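Remarks on the overall topology
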Amino acid sequence: MDEIIPEEVSWVARSQARELLNISDAQLRRDQSVLLELKTAGFDYQRCDKGFTRDSLLALWEFRKLIQLKGRSRAIAEINSLMEQYYERI
């Protein structure tokens, strides 16, 4: 993630997140809903926020990678364990 977003960046606007993730606003909203429902580690987005913290963006990034690799249903099943492993390592 550091190669995409410098470490000193702690927050990005929705429009920047959409660009980085290369997804539509509708897709971003669907992904947000899933991560909120799953209570994914690091995803600290609140429903009225205008953007994302670095941790929230990382969760979205990893979720999108899983979707590309394994499909949406598998990504939903695996994102929590992936993010928990990430936070155990740091």
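One structure accompanies this document, and this report is about it. Given the structure is predicted, the values throughout are model-derived calculations rather than measurements.

The subject of this paragraph is the overall build of the protein. Secondary structure assignment for the protein yields 4 helices and 2 strands. Going from the N terminus to the C terminus, the protein shows its helices and strands as β-α-α-β-α-α. Expected size for 90 residues packed as a compact globule is a radius of gyration near 12 Å; at 12 Å, the protein falls within 12% of this value. In terms of its C-alpha atoms, the protein occupies a principal-axis envelope of roughly 30 × 30 × 25 Å. Evaluated residue by residue, the protein yields a buried proportion of 37% over its 90 residues. Element-wise, carbon and sulfur atoms account for 49% of the exposed surface of the protein, whose accessible area totals about 5,600 Å².

What follows covers the nonpolar core. Formed by 21 residues in total, the largest nonpolar core has its most connected members in L35, F43, F52, L60 and F63. Taken together, the elements giving at least two residues each to this core come down to α1 (14-21), α2 (25-38), α3 (54-70) and α4 (72-89). The biggest single contributor to this core is α3, with 7 residues. Setting aside anything within four residues of it in sequence, one finds F43 in contact with Q32, L35, L36, F52, S56, A59 and L60.

A few words now on the packing of α1 against α3. Where α1 meets α3, the closest approach of the two axes is 11 Å, and the angle between their N-to-C directions is 30°. One way to sum up the angle between α1 and α3 is to call them roughly parallel. The handedness of the crossing between α1 and α3 comes out as right-handed. Within the contact between the two elements, α1 uses A17, L20 and L21 and α3 uses L57, L60, W61 and R64.

A full pass over the atoms with the stated rule returns 8 salt bridges. Three or more residues are tied together by salt bridges with common partners; here these are R14, R18, D25 and R29.

Before going further, it helps to examine the packing of aromatic side chains. Within the structure shown, the criterion is met by 3 aromatic pairs. For the pair F43 and Y45, a centre-to-centre distance of 6.0 Å together with 35° between the ring planes defines the contact as tilted. Here F43 and Y45 have matching classes, each one buried. One aromatic cluster is present, built from ring pairs that chain together F43, Y45 and F52.

Attention shifts here to α1. Listing the buried residues of α1 in full gives R14, A17 and L21. Along the axis of α1, the buried positions cluster into a sector of 60°, meaning they face one direction only.

Conventions we followed
- Sequence order as written defines the numbering, with residues in each chain counted from 1.
- At least 70 in pLDDT is required for a residue's local features to be given in this predicted model, at least 80 for side-chain atom pairs to be given and counted, and no such filter applies to totals for whole chains, interfaces and linings, which use all residues.
- Side-chain measures here rest on the full set of heavy atoms in the structure, leaving out hydrogens and waters.
- Strands here mean DSSP runs of E at least two residues long; helices mean DSSP runs of H or I at least four residues long; both are numbered from the N terminus.
- We take the radius of gyration over the C-alpha atoms and set the globule estimate at 2.2 Å times the residue count to the 0.38 power.
- To sort residues, take the accessible area from a 1.4 Å probe on protein chains only and compare it with the maximum for the residue type: under 20% means buried, over 50% means exposed, and anything in between is partly exposed.
- All accessibility values rest on the Shrake-Rupley procedure with a 1.4 Å probe; residue burial counts only the protein chains present in the view.
- Throughout, nonpolar core names a set of buried Ala, Val, Leu, Ile, Met, Phe, Trp, Tyr and Cys residues whose side chains join them through atoms within 4.5 Å.
- We call two residues in contact whenever any of their non-hydrogen atoms come within 4.5 Å of each other.
- Note on method: axes are straight lines fitted to C-alpha atoms, helices fitted across the in-contact stretch only, with angles between N-to-C directions ranging 0 to 180 degrees.
- Angles are sorted into four bins: roughly parallel if under 35 degrees, roughly antiparallel if over 145, roughly perpendicular if 65 to 115, and oblique for all others.
- Left-handed describes a crossing in which the near helix is turned anticlockwise from the far one by less than a right angle; the clockwise case is right-handed.
- Any carboxyl oxygen of Asp or Glu that lies within 4 Å of a side-chain nitrogen of Lys or Arg is treated as forming a salt bridge with it.
- Working definition: rings of Phe, Tyr and Trp (its six-membered ring) pair if their centres are within 6.5 Å, and the pair is stacked with planes under 30 degrees apart, edge-to-face with planes over 60 apart, and tilted otherwise.
- To be clear, the arc concerns the directions from the helix axis to the C-beta atoms.

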